[in-house]
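# Coordinate analysis (summary)
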Amino acid sequence: MLHKTNIAVLVSGGGTNLQALIDAEKSGIIKSGEIKLVISNKEGAYALERAKSAGIRTETVSKKELGSQEAFEEKIKELLKDAGIELIVLAGFMSILSESFTSAYPERIINVHPSLIPSFCGAGFYGLRVHEAALSYGVKVTGATVHFVNEIPDGGKIIMQKAVEVQPGDTPEILQRRVMEQAEWIILPRAVEKVSAEINKSK
Ligand code: GAR
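Residues numbered from 1 in each chain as written. Predicted model: local features only at pLDDT ≥ 70, side-chain atom pairs only at ≥ 80, totals over all residues. Heavy atoms only, no water.

## Concerning the overall build of the protein
Keep this limit in mind: Helix and strand definitions follow DSSP, with helices as H or I runs of at least four residues and strands as E runs of at least two, each counted in order from the N terminus. Just to be clear, the radius of gyration here is over C-alpha atoms, and the globule rule we use is 2.2 Å times residues to the power 0.38. Whether two residues are in contact is decided by their heavy atoms, any of which lying within 4.5 Å being enough.
On a plain count of helices and strands, the protein comes out with 7 helices and 7 strands. Along its sequence from the N terminus, the protein presents helices and strands in the succession β-α-β-α-β-α-α-β-α-β-α-β-β-α. Taking 17 Å as the expected radius of gyration for a compact globule of 203 residues, we find that the protein reaches 16 Å, a close match to that expectation. Of the contacts made within the protein by residues no fewer than 6 positions apart, 67% connect residues no fewer than 24 positions apart.

## Let's talk about the sheet that holds strand 3 (residues 57-60)
Note the cut-off: Here a strand pair is declared whenever DSSP counts at least two bridges between the two strands. A fitted line through C-alpha atoms represents every axis, and for helices the fit uses only the stretch in contact; the resulting angles, taken between N-to-C directions, go from 0 to 180 degrees.
Strand order in the open sheet made by the 7 strands is 3-2-1-4-5-6-7, with mixed pairing throughout. Lying at the two open borders of the sheet, with one neighbouring strand each, are strand 3 and strand 7 (158-165). When strand polarity is set aside, the average angle formed by the axes of neighbouring strands in this sheet is 20°. Where strand 6 (residues 141-148) and strand 7 come together, 7 bridges link them in antiparallel fashion. When the sheet's bridge partners are listed, Thr145 is paired in strand 7 with Gln161. With respect to the sheet, helix 2 (residues 46-53) is in contact with strand 1 (5-11), strand 2 (33-40) and strand 3, its orientation differing from that of strand 3 by roughly 160°.

## Side note on the nonpolar core
Which entries qualify depends on this criterion: Grouping buried Ala, Val, Leu, Ile, Met, Phe, Trp, Tyr and Cys residues that are joined through side-chain atoms within 4.5 Å yields what is termed a nonpolar core. Only protein chains enter the calculation, and the probe is 1.4 Å; a residue is then buried if its accessible area is under 20% of its type maximum, exposed if over 50%, and partly exposed in between.
Within the largest apolar cluster, 35 residues are counted, with the highest numbers of intra-cluster contacts made by Val9, Val38, Val89, Ile110 and Val192. Among the elements that take part in this core, helix 7 (residues 172-201) stands out by supplying 9 residues, more than any other. Residues within four places of Ile110 in sequence aside, it is in contact with Leu87, Ile88, Val89, Leu90, Val146, His147, Phe148, Val149, Ile159, Ala191, Val192 and Val195. Phe72, Leu80, Ile88 and Leu90 belong to the second-largest nonpolar core, a separate cluster that totals 19 residues.

## Thoughts on the side chain of Ser95
Locating Ser95 in the fold gives a position in the loop between strand 4 (87-90) and helix 5 (99-102). Discounting chain neighbours no more than four positions away, the residues touching Ser95 are Asn41, Lys63 and Phe72.

## Topic: unusual backbone geometry
Residue Pro118 is bonded to the preceding Ile117 through a cis peptide linkage, with omega at 15°. Among the secondary structure elements, Pro118 is positioned in the loop between strand 5 (109-113) and helix 6 (128-137). For Phe120, which is not a glycine, the phi torsion comes out positive at approximately 50°. Relative to the helices and strands, Phe120 is located in the loop between strand 5 and helix 6.

## Quick notes on the packing of aromatic side chains
What counts is decided by this rule: Only rings of Phe, Tyr and Trp enter the pairing, Trp through its six-membered ring, and a pair is recorded when the two centres are within 6.5 Å. The plane angle decides the type: under 30 degrees is stacked, over 60 is edge-to-face, the rest tilted. Put simply, a charge is over a ring when the Lys NZ or the Arg CZ is close to the ring centre, within 6 Å, and near the line of the ring normal, within 35 degrees.
Using the criterion set out here, one finds 2 aromatic pairs in the structure. With 5.1 Å between their ring centres and 45° between their planes, Phe101 and Tyr105 make a pair best called tilted. Since its relative accessible area comes to 16%, Tyr105 is described here as buried. The residue whose ring lies beneath Lys63 is Phe72, and the NZ or CZ to ring-centre distance is 5.5 Å.

## Here we look at the confidence of the model for the protein
Operational definition: Here pLDDT means the predictor's own confidence in every residue, given as a number from 0 to 100.
On average, residues of the protein carry a pLDDT of 97, and 99% of them reach 70 or more. At the low end of the mean pLDDT range in the protein sits helix 3 (residues 63-66), at 96; at the high end sits strand 6, at 99.

## Things to note about the packing of helix 1 (residues 16-27) against helix 7
A pair of packed helices can be characterised by two numbers: the angle between their axes and the separation between those axes. To keep things clear, this is the line we draw: An angle below 35 degrees is treated as roughly parallel, one above 145 as roughly antiparallel, one from 65 to 115 as roughly perpendicular, and anything else as oblique. Left-handed describes a crossing in which the near helix is turned anticlockwise from the far one by less than a right angle; the clockwise case is right-handed. Each residue gets one label: Ala, Val, Leu, Ile, Met, Phe, Trp, Tyr, Cys and Pro are nonpolar, Asp, Glu, Lys and Arg are charged, and the others, such as Gly, are polar.
Put simply, helix 1 and helix 7 touch, their axes get as near as 9 Å, and they point 50° apart. By the criterion of interaxial angle, the relationship of helix 1 to helix 7 is oblique. Every pair of crossing elements has a handedness; the one defined by helix 1 and helix 7 is right-handed. Judged by residue contacts, Thr16, Asn17, Ala20, Leu21 and Ala24 of helix 1 engage Met180, Glu184, Trp185, Leu188, Pro189 and Val192 from helix 7. Tallied by class, residues from the contact of helix 1 with helix 7 come to 8 nonpolar, 2 polar and 1 charged.

Now the structure itself:
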């Protein structure tokens, strides 16, 4: 192996998926990639603390401060370029990236979504809202999906999926936790390893 794939993780909140990636790198589940940079669009996001504790460089990029989507994305691109990033992982990143951004990194951006795409996905479906929608529809099985990111929200090629059962009495919070534990934290690291290995092979 020449060198590991340089990974950036984009976050907005608690960062449990980021933690799963950090743990997977430590345990060797991720062996073909290395997390070099964590970027948050929210100041004070707890995910930043997780990154710092693991000795990973952190940056915060605020759309409000930069004044436009274009300036926001340009700043992120600059940080990615400076760090030599080859794979971008959206792990609870709650800001939609424009086509001009996503088309600059074809099959180099991956996202974890807390449902079985094509159910409960697309614009407006994020975080707890996804689980609220699944419960109100009454599905008995939900899950998580890791997919490549293109110009269509949650519309890129699927990399991995894992199903999770809905239980009687579930609240959105209980279901969210089960989907994270039984699906997201398992398939996101595996998908990151798979794509990192493919990138290394193509070098
Ligand atoms: C996760 O459930 C993730 O799948 C979801 O937000 C949560 C973030 O949690 N992402 C989306 O809904 C994206 N559309 P985390 O910050 O603890 O990883």
